[in-house]
Structures are given as C-alpha cells and as structure tokens.
Amino acid sequence: MYKPSLAANLNVYIQGQGFPILCLHGHPGSGSSLSVFSDRLSKRFQTFAPDLRGYGRSRYNQNFDMRDHLLDLENLLDQYQIQKCLILGWSLGGILAMELALRLPEQVTGLILIATAAKPRSNHPPVTWQENLYTGIAALLSCIKSDWMWNIETFGKRSLFKYLIRQHTPTAYRYIAKHAVPAYLQTSSAATRALYTAIRSGYNRLTDLEQIKCPSLVLAGAQDCHITANSSLETFQVLNNSQWQCYSDTAHLFPWEIPDQVLNDIELWLEKHPQVIANG
C-alpha cells in the first residue's frame, strides 16, 4: 500500500520574469537539461526547472514511489507561491505534468507534452554489449570535443545514441555532452527503481485524460522507440483542446535535434492560446 513520504526540497533552476512555466525533465535527466526550452522561454516568462527527487542535485537515496514526485512538485508550487502555471514536461516529466493537471486543475493552465504518453509504450530493440561500449566511448569523447565528427561517425552512430536521436549533428552531441552525460551520472538508483516499478505496474491514465480541460500541445518524434509516437498520438486523441505535431526523422531527444523548430512551434501555440499564460 502506498504511503506518501515527506516532501523533498528540490534543487530548482529559475530564470526570467513573468508568467510561471514549470519545466519537468525525464529519466535520466535534470533541471538543467530543460535549458533547451528555458533559455528561450525565460526571455518572456519565468521558468522553474527542478531536479526531481533522486535526480541532479536533488539527492535522495531512500526508496520512494513515483507519486512522491507529485508531492514534491506541489510543495514547490507552494514554496514559490505559484497560483497558476503552464507545465512543460519531457518524457517522464510529461507524465508528471498530466498527473499535476489532474490533481490541480485550477492551477495548471496548459500542458506542453514532449515525447510522452499517458499509456507509454516502447519498441526499443534489445541492447548489445557493443552498443553499451560504444555509448560510453562516444559520451566520453563528446565531453572532450562535442563536434568531433569522427567520434560521431565511428562510435555515436553505433551506440545507444542511435535510438535517442536520428540526426547525429554537433548540436545534438553538444546537448548530450553538456546535459545527458552529467544527468545520467547523477541519477540515483532509487529514482531508477521508482520509475521501473511504475512501468512494471502497467501505468495507464488514458481513461482519466478527459478530466483535463486546459489546452495542450503534444509533440513527438516519429522514430521515437522509447515512448513511441503512436502512444503519444493516442494521448493527443483523448485530450480535450489538444494540438499534435510529429517531427519526421527524429527520436526521443528531438528537442536537441531540432531545437529552433520545436521552440518556434511552441511559441506559435502560445500565441494561439493566450489563456494558458494569463493569471486571470
């Protein structure tokens, strides 16, 4: 039986001024990995990008339940006196965003859901030892020189990165080196256990999504094998007042593959839905 723990104090990256946007990362991840969104959005809004419990600098090594993340996030909203906010969630962060919209319908004005689903499904192929080896080499060399095309061609395209991105560009590898590698190293085993326990339980909130009334933008990578585009599409089809965009030749980390295109689409959606960034 689930017993909620005490709320954890989360490390949070805060940028800008204006209407609050809560930015939630995936697994493995950290608040800083949302900089692809927050660096630009914070020019008009105030962005809050926490390290979730057990990730980044929010150290937590005891066992916990995925629902404890929601307790932490509600505490964060109270701590910063955020009465209303838009939530942007990537992967696991998108699942938490939908959960918060269900729990706090008066506070959540809108959802931007990135590579996520209310009933997440994967079609990731089996991982070989060579792919694991090449991933370590590619990650290490990317940290030394992220735009080294020899590394990208020799190791990156043969590593697990080939399932995370489709466009093996220096831009994508700069994000991987700066954010993905540190986030992976800082993710606790407790956070990993909490996630996989939820996955094994068969997480599925599709039937509850009709309760979410706020506008939502659902973005997916066509070749995403971690959370498939079809499962994201299924989520979009159930949500009320929702818009869908699927990017060809991209995968789970598509915001790092085509950041300008994704941000342009987000800003266009915000222009069409001014109510999601209004306090009244």
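Preceding this section is the structure that the text describes.
Residues numbered from 1 in each chain as written. Predicted model: local features only at pLDDT ≥ 70, side-chain atom pairs only at ≥ 80, totals over all residues. Heavy atoms only, no water.

A look at the pairing of strand 5 (residues 108-114)
At step 1: Of all seven residues that make up strand 5, seven are buried, and the element is covered over most of its length.
At step 2: Bridge analysis of strand 4 (residues 85-90) against strand 5 gives six bridges, and the strand direction is parallel. Within the sheet, the bridge partner assigned to Cys-85 lies in strand 5 and is Val-108.
At step 3: Chirality of the crossover, the property in question, places the unit of strand 4, helix 3 (residues 92-103) and strand 5 among those that are right-handed.
At step 4: One ladder, built from four bridges, connects strand 5 with strand 6 (residues 216-221); its direction is parallel. Bridging from a neighbouring strand, Ile-114 pairs with Leu-219 of strand 6. (Buried < 20%, exposed > 50% of the residue type's maximum accessible area, 1.4 Å probe, protein only. Helix = DSSP H or I, 4+ residues; strand = E, 2+ residues; numbered from the N terminus. Pairing = 2+ DSSP bridges. Right-handed = clockwise from strand over helix to strand, strands pointing away.)

So, the side chain of Ser-231
At step 1: With respect to the helices and strands, Ser-231 occurs in helix 9 (residues 229-238).
At step 2: When neighbours within four sequence positions are excluded, Ser-231 is seen to be in contact with Ala-117, Lys-119, Pro-120 and Arg-121. (Contact = heavy atoms within 4.5 Å.)

Focus: empty space enclosed by the protein
At step 1: Under the defined criterion, the tally for this structure stands at one cavity of 30 Å³ or more.
At step 2: Taken as a whole, the largest cavity spans an internal volume of roughly 50 Å³.
At step 3: Ala-8, Asn-9, Leu-10, Val-12, Asp-72, Asn-75, Leu-76, Gln-79 and Tyr-80 are the residues that line the largest cavity.
At step 4: Among the elements that take part in the lining of the largest cavity, helix 2 (residues 67-79) stands out by supplying four residues, more than any other.
At step 5: By residue class, the composition of the lining of the largest cavity is five nonpolar, three polar and one charged. (1 Å grid on protein atoms, 1.4 Å probe; cavity = no way out; pocket = protein on both sides within 12 Å on 5 of 7 lines; lining within 4 Å. Points joined across faces, edges and corners; volume = space filled by probe spheres on them. Nonpolar A, V, L, I, M, F, W, Y, C, P; charged D, E, K, R; others polar.)

A short note on the pattern of salt bridges
At step 1: Evaluated as defined, the whole model comprises twelve salt bridges.
At step 2: Close ionic contact of Arg-40 with Asp-260 constitutes a salt bridge, the shortest N to O distance being 4.0 Å. Of this pair, Arg-40 sits in helix 1 (residues 35-41) while Asp-260 sits in helix 11 (residues 259-272); the two residues are 220 residues apart in sequence, bridging distant segments of the chain.
At step 3: Assessed through its relative accessible area of 52%, Asp-260 is described here as exposed.
At step 4: Put simply, Arg-205 and Asp-208 hold a salt bridge, and the shortest N to O gap is 2.9 Å.
At step 5: Note on Arg-205: relative accessible area 25%, which makes it partly exposed.
At step 6: Taken together, the shared-partner salt bridges connect Arg-40, Asp-260 and Glu-267 into one network. (Salt bridge = Lys/Arg side-chain N within 4 Å of Asp/Glu carboxyl O.)

Let's talk about helix 7 (residues 170-186)
At step 1: The terminal C-alpha atoms of helix 7 lie 24 Å apart, and with 17 residues this matches the ideal 24 Å at 1.5 Å per residue to within 8%.
At step 2: By the largest-angle criterion, Ile-176 marks the main kink of helix 7, which is about 40 degrees.
At step 3: Turning to helix 7, its buried residues are Ala-172, Tyr-173, Ile-176, Ala-177, His-179, Val-181 and Ala-183.
At step 4: Structurally, helix 7 contributes buried residues whose contacts are with helix 1, helix 4 (129-144), helix 5 (149-154), helix 6 (161-164) and helix 10 (254-257). (Expected span 1.5 Å × (residues − 1). Bend = angle between axes of the 7 residues up to and from the residue.)

Structural notes on the packing of aromatic side chains
At step 1: Counted under the stated rule, the structure contains eleven aromatic pairs.
At step 2: Between the aromatic rings of Phe-37 and Trp-90, the centroid separation amounts to 5.8 Å while the plane-to-plane angle is 85 degrees, which identifies the pairing as edge-to-face. Pair noted here: Phe-37 is in helix 1 and Trp-90 is in strand 4, with a separation of 53 residues, a long-range link.
At step 3: Take Phe-37: its relative accessible area is 1%, and that puts it in the buried class.
At step 4: Looking at Trp-90, the relative accessible area reads 5%, which means it is buried.
At step 5: Judged by centre distance (5.9 Å) and plane angle (85 degrees), the ring pair of Phe-161 and Tyr-173 falls under edge-to-face. Of this pair, Phe-161 sits in helix 6 while Tyr-173 sits in helix 7; the two residues are twelve residues apart in sequence, bridging distant segments of the chain.
At step 6: Taken together through their ring pairs, the aromatic side chains of Phe-37, Trp-90, Tyr-175 and Trp-256 make up a single cluster. (Phe/Tyr/Trp six-rings, centres within 6.5 Å; stacked < 30°, edge-to-face > 60°.)

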